[in-house]
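Chain by chain, the residues:
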Number of protein chains: 2
Amino acid sequence: MQQPNKYTYKIAARELDFARRPTLAAIIDHVLTAAGDDADRNGFGVRNLEGNNWSWVLSRFCMDIIEYPAAYSELEVTTWVSEIGRLMTTRNFTVTDGNGKPLLSAISNWAMIDMTTRKAVDLSAKPEYADYICTLPSPTAMPARLGALTCPSATTHRVAYSDLDFNRHTNTIRYIELMADLLPLESHESLTPSRIDMNFLHESRYGDTLSVAAEIADEACFEIRNQDAVSICRTRIQFTPRKA
Amino acid sequence: MQQPNKYTYKIAARELDFARRPTLAAIIDHVLTAAGDDADRNGFGVRNLEGNNWSWVLSRFCMDIIEYPAAYSELEVTTWVSEIGRLMTTRNFTVTDGNGKPLLSAISNWAMIDMTTRKAVDLSAKPEYADYICTLPSPTAMPARLGALTCPSATTHRVAYSDLDFNRHTNTIRYIELMADLLPLESHESLTPSRIDMNFLHESRYGDTLSVAAEIADEACFEIRNQDAVSICRTRIQFTPRKA
């Protein structure tokens, strides 16, 4: 059986918010970087797939925040692929600080797309990927399926050069930033995220005009829509009061 | 004499643009991270200054691009402080890839501000900083002083949570992104930056409405203004045709 691999990152000064706490976007960025680094190491990362014009795209993501990472802390990300279905893979993560204290548990679901047709690739055509499965259980509840929001959008954003990732889609981190920007500034100081669930429903591309709707109560629900009112990304963030 | 210190970073997949080349913003982010890491190591980084409620702010920056860094490459950043004036310090950078090939030369000027009064601190009150001066010459021409643009602004951006740095200013990297977003997408594929000069004239803060003006010809000049038409940041980017 394949064993989980471990990758170490460090929260940089640039990743701190106005309250000198790492942003949720930066933390998720490190977790997703571990996914890419591990796929590269196993030979099925985007660098290896380029010849085939295939790439991985994130479909669902969730993360439990056991203890919110501190400024400048090390993140030791342990990651393993637990399942490869016909259209979707499941990659898991546990994150500790430099002293082994549990900080985060996360699960991601990925599809492989053909960059030319923009359609999903049938993963049963890649039986060799099964060698990379590690049968450890996922560390938390699967990403929730989130419903549409009914409220109107609060802000708009036109997708520009700096928003694009190497798949020519708006990158995941920018979606998180656009949603975090709708939370009142006081919430970023008084609350700590305890869980985030994200559903990626459609890609968005250069020149699209995105709008962001938010329903903020005990938990915050967001929906990013495009100019045709198609739902692009839905996200729910749950909170606990922030520790002093 | 103090010797230069070296810091190694790696271009991550997340830092690649739609053409799978590192963004200029990501490259400058690594250079500025070295500045912060080196200041921390020498005991005058923002982590040490917090007790005094002082912080470093970037005033001018320039960078020559000798060879544009490749995707996933290592950046070995050598940095040293060559001058400490009453109100400004000069920090220099040379950057090579993992094989010692020269990629970048950069110079930055920093002021120290009191976060409460938002005024510059007189650095002659910190004579012990002189111990950190390394008398090596700066590796390129000093940052140019850039004039105001006369053209109207092309886009606006309201400063939100995700734009703020730990000084509660809009962060430098976001300014670079806002400007890069005004270049035609084709330019990002056909041109390579050869030199960037940046002047930071005023801070911008949460809720400010920034607008970005651009004059794009053989070189690209940008000015970011706030809602009161105050010039916040001026930047010039020079280019060479991109190598195949």
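We now turn to the structure provided with this report. (Residues numbered from 1 in each chain as written. Chains lettered and ligands numbered in written order. Predicted model: local features only at pLDDT ≥ 70, side-chain atom pairs only at ≥ 80, totals over all residues. Heavy atoms only, no water.)

1. A word on the pairing of strand β4 (residues 89-96) of chain B
Within a regular beta strand, the side chains point alternately toward one face of the sheet and then the other, so they alternate between its two faces.
Residue and element names in this part refer to chain B.
Logical step 1: Of all eight residues that make up β4, seven are buried, and the element is covered over most of its length.
Logical step 2: Two elements, strand β3 (residues 74-84) and β4, share eight bridges in a ladder whose sense is antiparallel. Looking at β4, one finds that Trp80 is bridged to Asn92.
Logical step 3: Hairpin connection of β3 to β4: four residues between the antiparallel strands.
Logical step 4: Where β4 meets strand β5 (residues 102-114), eight bridges bridge the pair, whose relative direction is antiparallel. Looking at β5, one finds that Thr96 is bridged to Pro102.
Logical step 5: Turn length for the β4-β5 hairpin, with the two strands adjacent in sequence and antiparallel, is five residues, and the turn residue Gly100 shows positive phi of about 85°. (Buried < 20%, exposed > 50% of the residue type's maximum accessible area, 1.4 Å probe, protein only. Helix = DSSP H or I, 4+ residues; strand = E, 2+ residues; numbered from the N terminus. Pairing = 2+ DSSP bridges.)

2. Let's talk about the interface of chain B and chain A
Interface size is commonly expressed as the accessible area that is lost once the parts come together.
Logical step 1: With 33 residues of chain B at the interface, the matching set in chain A holds 33 residues.
Logical step 2: Scanning the region where chain B abuts chain A turns up six salt bridges.
Logical step 3: A salt bridge links A:Asp29 to B:Arg14, with the nearest nitrogen and oxygen atoms 3.5 Å apart.
Logical step 4: Between the two partners, chain B and chain A, sit 14 residue pairs in polar contact (both at pLDDT 80 or more).
Logical step 5: For the side of chain B that touches chain A, the elements supplying multiple residues, two or more each, are α2 (46-49), α3 (172-180) and α4 (185-190) of chain B.
Logical step 6: Among the elements that make up the side of chain B that touches chain A, the one with the highest residue count is α3(B) (four residues).
Logical step 7: When the residues that make up the side of chain B that touches chain A are grouped by side-chain class, the tally is 14 nonpolar, six polar and 13 charged. (Contact = heavy atoms within 4.5 Å. Salt bridge = Lys/Arg side-chain N within 4 Å of Asp/Glu carboxyl O. Polar contact = N/O pair within 3.5 Å; in protein donor to acceptor, adjacent residues only side chain to side chain. Nonpolar A, V, L, I, M, F, W, Y, C, P; charged D, E, K, R; others polar.)

3. Here's the deal with helix α1 (residues 24-42) of chain A
Logical step 1: Its 19 residues place the ends of α1(A) 27 Å apart at the C-alpha level, agreeing with the 27 Å of an ideal helix rising 1.5 Å per residue.
Logical step 2: Most of α1(A) sits out of view: 15 of its 19 residues are buried. (Expected span 1.5 Å × (residues − 1).)

4. A few points about the packing of aromatic side chains
Note on aromatic pairs: each is described by the distance of the centres and the angle between the planes.
Logical step 1: Taken as a whole and assessed by the stated rule, the structure comprises six aromatic pairs over all chains.
Logical step 2: Consider the rings of B:Trp56 and B:Tyr129, whose centres lie 6.3 Å apart with planes at 40°: the pair is tilted. One end of the pair, B:Trp56, is in strand β2 (residues 54-65); the other, B:Tyr129, is in the loop between β6 (119-120) and β7 (155-158), and 73 residues separate them in sequence. For the residue pair B:Trp56 and B:Tyr129, the accessibility class agrees, reading buried in each case.
Logical step 3: Against the face of A:Tyr68 rests A:Arg21, its NZ or CZ located 4.6 Å from the ring centre. (Phe/Tyr/Trp six-rings, centres within 6.5 Å; stacked < 30°, edge-to-face > 60°. Lys NZ or Arg CZ within 6 Å of the ring centre and 35° of its normal.)

5. Here's the deal with the packing of helix α1 (residues 24-42) of chain B against α3(B)
Residue and element names in this part refer to chain B.
Logical step 1: Following both chains from N to C, one finds α1 and α3 inclined at 160°, their axes separated by 9 Å at the closest point. As judged from the angle between their axes, α1 and α3 are roughly antiparallel. In this structure, α1 crosses over α3, and the sense of that crossing is right-handed. Of the residues in α3, those touching α1 at Ala25, Ile28, Asp29 and Leu32 are Thr172, Ile173, Ile176 and Glu177.
Logical step 2: Residues belonging to the contact of α1 with α3 are distributed by class as follows: five nonpolar, one polar and two charged. (Axes fitted to C-alpha atoms, helices over the stretch in contact; angles between N-to-C directions. Parallel < 35°, antiparallel > 145°, perpendicular 65-115°, else oblique. Left-handed = near helix turned anticlockwise from the far one by under 90°.)

The values are spatial; any link to function lies outside them.
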